[in-house]
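# Structure at a glance
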Amino acid sequence: MSKLPDEAFRDTIGTIDKEGKRKFIFPKKPSGKLYEYRKWVSYFLLIILIANPFIKVNGNQFMMFNILERRFNIFGFPFWPQDFYLFVLFMIVGVVFVILFTVIFGRIFCGWICPQTIFMEMVFRRIEYWIEGDRGAQMRLAKQEWDIDKIGKKGLKWTIFLIISFGIANIFLAYLIGSDRLIEMIEDGPMGHFSTLIALSIFTGIFYFVFVWFREQVCIIACPYGRLQGVLLDDKSINVAYDFVRGEKELGRAKFSKKEDRGATGKGDCIDCKQCVNVCPTGIDIRNGTQLECVNCTACIDECDSIMESVGLPKGLIRYASEDEIEKKAPFKFTARMKGYTTILSVLVAILIGLLFLRTDVEATILRLPGQLYQHKGENISNVYTFRVINKTNNDFNSIHFKLANIKGTLKVVGKQNFKVVKQGMVEGTLFVEIKQYLLESDKTKLKIEVFDGNKKIETSRTNFLSPRSFD
Ligand code: SF4
Ligand code: SF4
């Protein structure tokens, strides 16, 4: 961007001072049309985030990421380690979607959808405004002695923050271990689940640290997505942007004066009131151009619009716009890069949907025992196999048994011929197949083994049957 008055911002961040110490920022309480929209979007997303682990689809938790047991549910579809390719594909689709979205709409995800921003700006920050007041009052309180007033306000705020952090940690745990398990543990009492209690305390501590102290540093320093902006954004990406052409004009920004005809002076429309800076939760000056710290929260758009309105100038000095739109007055264009990403995304989504529909609720794997060829048993040839039956449903299979489908022979399971596979469970074992040698037409016969639960066929598995080379 041209016409930057001071390039020093490129070497510093607004939340760290010259000595490298953390500088707390006290953003002004946002207000305006976009803030109102964001509030409603945030409430909606918060409800979804909190309700998700408690919603069941066909008895499966709607969203669950049980890393410890390697069990994942996405939109109610249970993913077993055997479905991991689907899970990876799902993640790839998610990443491509976010990239595509960023290329077109910039960092809008951060300001409107990211749970960190939603909790920070719409929950914790609002409690802070309620207890400590707006920017000025908060700044005064920070400088104030530790008297009864300050201890009371800070104590109340930190206690509420701790309770909410504990609540978030419980929700987080419900995503990790499943809400049923969490409720069970709560009913049992914490002492019976000491390791979970420690994990819960650690999560609570982390959330508390993030929302009390670390705050916007998550977006500026820690978040990898934020760091990617430099490679994802280009001049055509839509972003929260300052219209420097209009704001600076020939003579640059200048204070407002009622007495002059601003249009005739050559001064820019920016009246240098710095309200866009004061309201910014990451402490930046958007007039310096697109910056890594900007989470596209739109607070500066609302703030500048209200200033423009008060001085009788057109709104939109800060708005959603691309660099090209501002500098070259070029309208939005669906670029080749955007088309490319959209094509890749559509293909991935189509593959994902196809695989989801092809995925079965039962998985039966029958493999020949490694290192074993065949055995002669009179006029029969025998092969030994290992099998695994996975029940991904929420119903027990009470009478699982196997049948040879494409050849006459006998199939014997070591142990019980009919066995049970409980819901979300797995059974492994060994089985023998014996076939009369004269029925075999080659040394490697393809076998089709059907899996039944009672009279219902639930899966078909394929494997090979080895026999001597006596067919030449
Ligand atoms: S709020 Fe608008 S007018 Fe005020 S300094 Fe920021 S850009 Fe300029
Ligand atoms: S510059 Fe504006 S949109 Fe970006 S973080 Fe600051 S207030 Fe939000």
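In case you missed it, the structure is sitting above this.
Residues numbered from 1 in each chain as written. Chains lettered and ligands numbered in written order. Predicted model: local features only at pLDDT ≥ 70, side-chain atom pairs only at ≥ 80, totals over all residues. Heavy atoms only, no water.

The next point concerns unusual backbone geometry. Look at Asn 296: it is not a glycine, yet its phi comes out positive at around 55 degrees. In this structure, Asn 296 sits in the loop between helix 14 (275-278) and helix 15 (299-310). One non-glycine residue with positive phi stands out, namely Thr 298, at about 70 degrees. Tracing the backbone through its elements, the reader meets Thr 298 in the loop between helix 14 and helix 15. We classify Thr 298 as buried; its relative accessible area is 1%. (Helix = DSSP H or I, 4+ residues; strand = E, 2+ residues; numbered from the N terminus. Buried < 20%, exposed > 50% of the residue type's maximum accessible area, 1.4 Å probe, protein only.)

Now for the nonpolar core. Counting residues in hydrophobic clusters, the biggest one holds 33 residues, and the most contacted among them are Val 240, Tyr 242, Ile 286, Cys 300, Met 308, Leu 317 and Ile 318. Broken down by secondary-structure element, the contributors of at least two residues to this core are helix 3 (108-112), strand 6 (239-242), helix 15 and strand 7 (318-321). Broken down by element, this core gets its largest block of residues, six residues, from helix 15. Among all residues touching Met 308, those that are not within four sequence positions of it are Arg 246, Asp 269, Leu 313, Pro 314, Lys 315 and Leu 317. (Core = buried A, V, L, I, M, F, W, Y, C linked by side-chain atoms within 4.5 Å. Contact = heavy atoms within 4.5 Å.)

Right, let's talk about the sheet that holds strand 3 (residues 63-66) for a bit. Taken in spatial order, the three strands of this open sheet run 3-4-5, and their pairing is antiparallel. Strand pairing shows two members of the sheet lacking a second neighbour, strand 3 and strand 5 (77-79), which therefore form its edges. Each neighbouring strand pair of the sheet contributes to a mean axis angle of 20 degrees, computed without reference to strand direction. Pairing analysis gives three bridges linking strand 4 (residues 71-74) to strand 5, with the strands arranged antiparallel. (Pairing = 2+ DSSP bridges. Axes fitted to C-alpha atoms, helices over the stretch in contact; angles between N-to-C directions.)

This part covers the side chain of Asn 391. Here Asn 391 shows up in strand 10 (residues 380-391). Classification of Asn 391 by relative accessible area gives buried; the value is 0%. Within the local environment of Asn 391, its side chain forms a polar contact with the side chain of Thr 393, the two groups lying 2.6 Å apart. Within the local environment of Asn 391, its side chain forms a polar contact with the backbone oxygen of Asn 395, the two atoms lying 2.7 Å apart. (Polar contact = N/O pair within 3.5 Å; in protein donor to acceptor, adjacent residues only side chain to side chain.)

Let us now look at the site of ligand 1. Residues in close proximity to ligand 1 include Tyr 242, Cys 270, Ile 271, Asp 272, Cys 273, Lys 274, Cys 276, Arg 287, Cys 304, Met 308 and Ile 318, which together make up its full environment. By residue class, the composition of the shell around ligand 1 is eight nonpolar, no polar and three charged. (Near = heavy atom within 4 Å. Nonpolar A, V, L, I, M, F, W, Y, C, P; charged D, E, K, R; others polar.)

On to the site of ligand 2. Near ligand 2 there are 13 residues, and of these Cys 280, Cys 294, Cys 297, Thr 298 and Cys 300 occur at the shortest range. Each residue belonging to the shell around ligand 2 can be placed in one class, and the counts come to 10 nonpolar, three polar and no charged.

Right, let's get into the sheet that holds strand 11 (residues 397-404). Strand order in the open sheet formed by four strands is 13-11-15-16, and the pairing between neighbours is antiparallel. Bordering the open sheet on either side are strand 13 (419-421) and strand 16 (456-466), each of which pairs with just one other strand. On average, each strand axis in the sheet is inclined to that of its neighbour by 35 degrees, with strand direction left out of account. Judged from the two bridges that link them, strand 11 and strand 13 form a sheet pairing that is antiparallel. Bridge pairing in strand 13 links Ile 400 to Phe 419.

Throughout the structure, instances matching the rule amount to 30 salt bridges. Among the ionic pairs, Glu 363 bridges to Lys 392, the shortest N-O distance being 3.0 Å. Residue Glu 363 is located in strand 8 (residues 362-368), and its partner Lys 392 is located in the loop between strand 10 and strand 11; the two are separated by 29 residues in the primary sequence. Lys 392 shares its class with Glu 363; the two are buried. A salt bridge links Lys 377 to Glu 434; the shortest N-O distance between them is 3.4 Å. (Salt bridge = Lys/Arg side-chain N within 4 Å of Asp/Glu carboxyl O.)

What follows is about the packing of aromatic side chains. For the coordinates displayed, the defined rule picks out 20 aromatic pairs. On the basis of an interplanar angle of 20 degrees and a centroid distance of 5.8 Å, the ring pair of Phe 97 and Phe 101 is categorised as stacked. Here Phe 97 and its partner Phe 101 are both found in helix 2 (residues 84-105), four residues apart, which amounts to about one turn of the helix. Pairing Phe 172 with Phe 207 gives two aromatic rings, centres 5.7 Å apart and planes at 85 degrees, and the pair type is edge-to-face. You can see Phe 172 sitting in helix 6 (residues 148-177) and its partner Phe 207 sitting in helix 8 (residues 194-214), a full 35 residues away along the chain. Over the ring of Trp 146 we find Lys 150; its NZ or CZ atom is 4.6 Å from the centre of that ring. When the ring centre of Phe 452 is taken as reference, the NZ or CZ atom of Lys 403 above it lies at 4.4 Å. (Phe/Tyr/Trp six-rings, centres within 6.5 Å; stacked < 30°, edge-to-face > 60°. Lys NZ or Arg CZ within 6 Å of the ring centre and 35° of its normal.)

Let us now look at the pairing of strand 14 (residues 426-436). Sheet topology places strand 10 next to strand 14; 11 bridges connect them, and they run antiparallel. Residue pairing across strands places Val 389 opposite Val 427, the latter belonging to strand 14. Bridge count for strand 12 (residues 410-413) against strand 14 is four bridges, and the pairing is antiparallel. For Thr 410, the partnering residue across the bridge sits in strand 14 and is Glu 434.

Between its first and last C-alpha, helix 1 (residues 33-51) extends 28 Å over 19 residues, near the 27 Å set by a 1.5 Å rise per residue. All buried positions along helix 1 are accounted for by Leu 34, Tyr 35, Arg 38, Lys 39, Ser 42 and Leu 46. Within helix 1, the buried residues cover an arc of 140 degrees as seen down the axis, which keeps them to one side. Exposed side of helix 1, more than 90 degrees from the buried face: Lys 33, Trp 40, Phe 44 and Ile 47 are the residues found there. Buried residues in helix 1 make contact with helix 3, helix 4 (115-132) and helix 15. (Expected span 1.5 Å × (residues − 1). Arc of directions from axis to C-beta.)

For helix 15, built from 12 residues, the straight-helix expectation of 16 Å at 1.5 Å per residue is met to within 8% by its first-to-last C-alpha distance of 17 Å. Looking at the buried positions of helix 15, the neighbouring elements they touch are helix 1, strand 6, helix 12 (244-248), helix 14 and strand 7. Just beyond helix 15, the residue with positive phi is Gly 312, at close to 75 degrees.

Spatial relationships are all this shows, so hold off on functional conclusions.
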